[in-house]
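Residues per chain are reported as follows:
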Amino acid sequence: MKNTNTSQMSSQASHTHDVFNQSPALENYNVYQNDNALRDAVRRHGASWAEPQLLKYGEKTGTKEVIEWGFLANEHKPQFFPHDRQGFRVDEVKYHESYHKLMAMGLESGIHSSPWTTPQTGAHVARAAQSYLQSQVEAGHGCPLTMTFASVPSIKLTPKLADTWLPKILARGYDPRNIPHTEKHALTIGMGMTEKQGGSDVRANTTIAKPITATGAGEAYELTGHKWFTSAPMCDAFLVLAQVSEGLSCFLVPRWREDGSKNPIQVQRLKNKMGNVSNASSEIEMRGALGWMVGDPGRGVPAIIEMVAMTRFDCMIGSASGQHQAVSQAINHSMGRAAFGKTLIDQPLMRNVLADLQLEVEGSLAIAMRMAEAMDNSLSKNGNEQEALLLRLGLPAGKYWICKRTPFHAYEAMECLGGNGVTEDFIMARLYREAPINAIWEGSGNVQALDMLRALSKTPAVLDVWLQELNKTRGADKQLDHAVNKLKNEFADLHNAEYRARHIVDQLSLTMQASLLVEAGNTPVAEAFIASRLNERSAHNYGTLPQGLDLTAILDRANPWS
Ligand SMILES: Cc1cc2nc3c(=O)[nH]c(=O)nc-3n(C[C@H](O)[C@H](O)[C@H](O)COP(=O)(O)OP(=O)(O)OC[C@H]3O[C@@H](n4cnc5c(N)ncnc54)[C@H](O)[C@@H]3O)c2cc1C
């Protein structure tokens, strides 16, 4: 009797509080079904046929189980083992099983290959949408998925290599074993351009390649040198730049030689990155590594640029998808949390912030998916030249703008969750650390802006095509017309264009986003985008939308549960 009383007393004493006013976890929801902006874009750009599979994929990417894989893959960083237990050089990186599950999910569903294996109207749009869903779970494993996808146009330049390598690169499946590519049915591909003395300026590469017998496309060389930033070092082969007597050239360098011996690509260490931690990035040295030339001697940059164009596109999709996930989390939290007597989603100032964050997503998705359609149109059999020109300007402009806007967007969305947003228990901290990565990888901001100028000076027709695209909405909105006129003035005098390049690329991107949103026909979104982004203010902080806009319509589109 005495004992029971004591136990009752102690259980009462230990009851400190009830937990309430915490929003539910955003899980077990359909990431595709509830994404109105994405669904509209998929339909608008010719991929309605993919909706049933995207719905299925959206259901999977929203499950608690898959979301948990994303957390675990980041919590357990990849580890590097140079040797096996007997001392043989293996250069092996070991990952948490969740990373492998995410890789398998992406590779088995064809994120790395579907537009190449099944080219059809909307194939790139559908694949971009799928990648957008996948990347919301976890961004790091997206790096090898992207590089494998992007390597295809480069490898195709050399039929001798394409015949042997592409069937396995395009195959659906994942084989992470550290064994020769000849023994596998599915392969992944990485890239090695950046060296210690320069990443943007790849022509300064010092790695050299010597022919083993014959020279030229498809022939075998031995490469000696280093690469300072080679991500996903467990890929089965890498597209690598190295110098030959004719100049910088591109090579396909396998991890293992065909005789089963290890190709001497030695990982020195893994990068200790602030974000993108599930993805191992490494420093490597090649000590006479076998590689086959891709493209012609001295034409390494044009060869690898085929790959870089695709990875830049994926940076647009990856960053847009990070923005979307951030807004979904912010809205979810605001719907479930009250302060000062009202749910956050009903507080006027919070509505202003959330709607503004959603407008960013709408703009990012609009330009990214239009470029996906341009890829479909220009890379198809009867390649459309106009669309190729649109893409030529749209890739650097879109990559620059979307990636540049993402870190501040991630931070603002994080702030919507208050203190919870800062802890690693929520995805916001990871989204924030991920946000600057795409902006730096594959050509940093200035490099994109300068690439836009290069396109303009080498192929002036790109500007005509850009303006023709903008012309589709001429007369629909005075403020947009005015912004397009101002954009045209930027090109009237190209004096100091390099100095002004960021300003120009800003205007190119903003006017295109606005025009595409007008064309898409959602009036509340287009009106608010133009009113907040094409006005005369020099700075734009989130949550400063002007009055009189239909925020309810914008927020409804952003509700991850609707
Ligand atoms: C997560 C991650 C993964 C990566 N994975 C890979 C990989 O797999 N393979 C690979 O090869 N590389 C990889 N990189 C490297 C990346 O591509 C380079 O870091 C990037 O291209 C910049 O090169 P850099 O670091 O040498 O900087 P630098 O080239 O020195 O540039 C430094 C700064 O100067 C600016 N700048 C350069 N030139 C000019 C100019 N003319 N005018 C004005 N400004 C200029 C740049 O915009 C940048 O802001 C990765 C990077 C990251 C962050």
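The preceding data block contains the structure.
What counts, and where the lines are drawn
- Residues numbered from 1 in each chain as written.
- Predicted model: local features only at pLDDT ≥ 70, side-chain atom pairs only at ≥ 80, totals over all residues.
- Heavy atoms only, no water.
- Buried < 20%, exposed > 50% of the residue type's maximum accessible area, 1.4 Å probe, protein only.
- Helix = DSSP H or I, 4+ residues; strand = E, 2+ residues; numbered from the N terminus.
- Pairing = 2+ DSSP bridges.
- Axes fitted to C-alpha atoms, helices over the stretch in contact; angles between N-to-C directions.
- Left-handed = near helix turned anticlockwise from the far one by under 90°.
- Contact = heavy atoms within 4.5 Å.
- Nonpolar A, V, L, I, M, F, W, Y, C, P; charged D, E, K, R; others polar.
- Near = heavy atom within 4 Å.
- Polar contact = N/O pair within 3.5 Å; in protein donor to acceptor, adjacent residues only side chain to side chain.
- Areas by Shrake-Rupley, 256 points an atom, 1.4 Å probe, with all protein chains shown as cover.
- Phe/Tyr/Trp six-rings, centres within 6.5 Å; stacked < 30°, edge-to-face > 60°.
- Lys NZ or Arg CZ within 6 Å of the ring centre and 35° of its normal.

Considerations on the pairing of strand β3 (residues 189-192)
- Of the two faces of β3, the one lined by Ile189 and Met191 and the one lined by Gly190 and Gly192 are each fully buried.
- Bridging between β3 and strand β6 (residues 237-244) involves four bridges; their strand directions are parallel. Counterpart to Ile189 in the pairing with β6 is Ala237.

As for the packing of helix α16 (residues 461-471) against helix α18 (residues 501-520)
- The geometry of α16 relative to α18 is characterised by a closest axis approach of 9 Å and an angle of 35° between their N-to-C directions. The handedness of the crossing between α16 and α18 comes out as left-handed. Counted together, Trp466, Glu469 and Leu470 of α16 and Leu508, Thr511, Met512, Ser515, Leu516 and Glu519 of α18 form the full contact between these two elements.
- Along the lines of polarity and charge, the residues of the contact of α16 with α18 split into five nonpolar, two polar and two charged.

Considerations on unusual backbone geometry
- A positive phi angle, near 60°, is found at Asn21, a position not held by glycine.
- Considering the arrangement of structural elements, one finds Asn21 in the loop between α1 (2-14) and α2 (36-44).
- One non-glycine residue with positive phi stands out, namely Asn28, at about 55°.
- Residue placement: Asn28 occurs in the loop between α1 and α2.
- Take Asn28: its relative accessible area is 53%, and that puts it in the exposed class.

Focus: the environment of Leu379
- The topology assignment puts Leu379 in helix α11 (residues 348-379).
- Excluding residues that lie within four positions of it along the chain, Leu379 makes contacts with Trp116, His124 and Met310.

Describing the site of the ligand
- Near the ligand lie 21 residues; those nearest to it are Thr194, Gly199, Ser200, Phe229 and Ser231.
- Here Met193 contributes a backbone N or O atom positioned 2.8 Å from an oxygen atom of the ligand.
- Contact between the ligand and Thr194: a nitrogen atom at 2.7 Å from a side-chain N or O atom of the residue.
- In the complex, 68% of the free accessible area of the ligand, which totals 980 Å², lies under the protein chains.
- Mapped by element, the contributors of at least two residues to the shell around the ligand are β3, β5 (220-231), α14 (437-440) and α15 (445-458).
- Along the lines of polarity and charge, the residues of the shell around the ligand split into eight nonpolar, eleven polar and two charged.

Points about the packing of aromatic side chains
- Scanning the entire structure with this criterion turns up seven aromatic pairs.
- For the pair Tyr29 and Trp561, a centre-to-centre distance of 5.7 Å together with 55° between the ring planes defines the contact as tilted. Pair noted here: Tyr29 is in the loop between α1 and α2 and Trp561 is in the segment after α20 (551-558), with a separation of 532 residues, a long-range link.
- Assessed through its relative accessible area of 7%, Tyr29 is described here as buried.
- For Trp561, a relative accessible area of 35% translates into the label partly exposed.
- With centroids separated by 5.2 Å and ring planes inclined at 20°, the aromatic side chains of Trp116 and Phe149 adopt a geometry described as stacked. One end of the pair, Trp116, is in helix α6 (residues 114-117); the other, Phe149, is in helix α8 (residues 142-155), with 33 residues separating them in the sequence.
- With relative accessibility at 0%, the residue Phe149 sits in the buried group.
- An aromatic cluster is present here, built from Phe408, Tyr411 and Tyr542 joined pairwise through their rings.
- Across the ring face of Phe149, the terminal group of Arg127 is positioned such that the distance to the ring centre comes to 3.6 Å.

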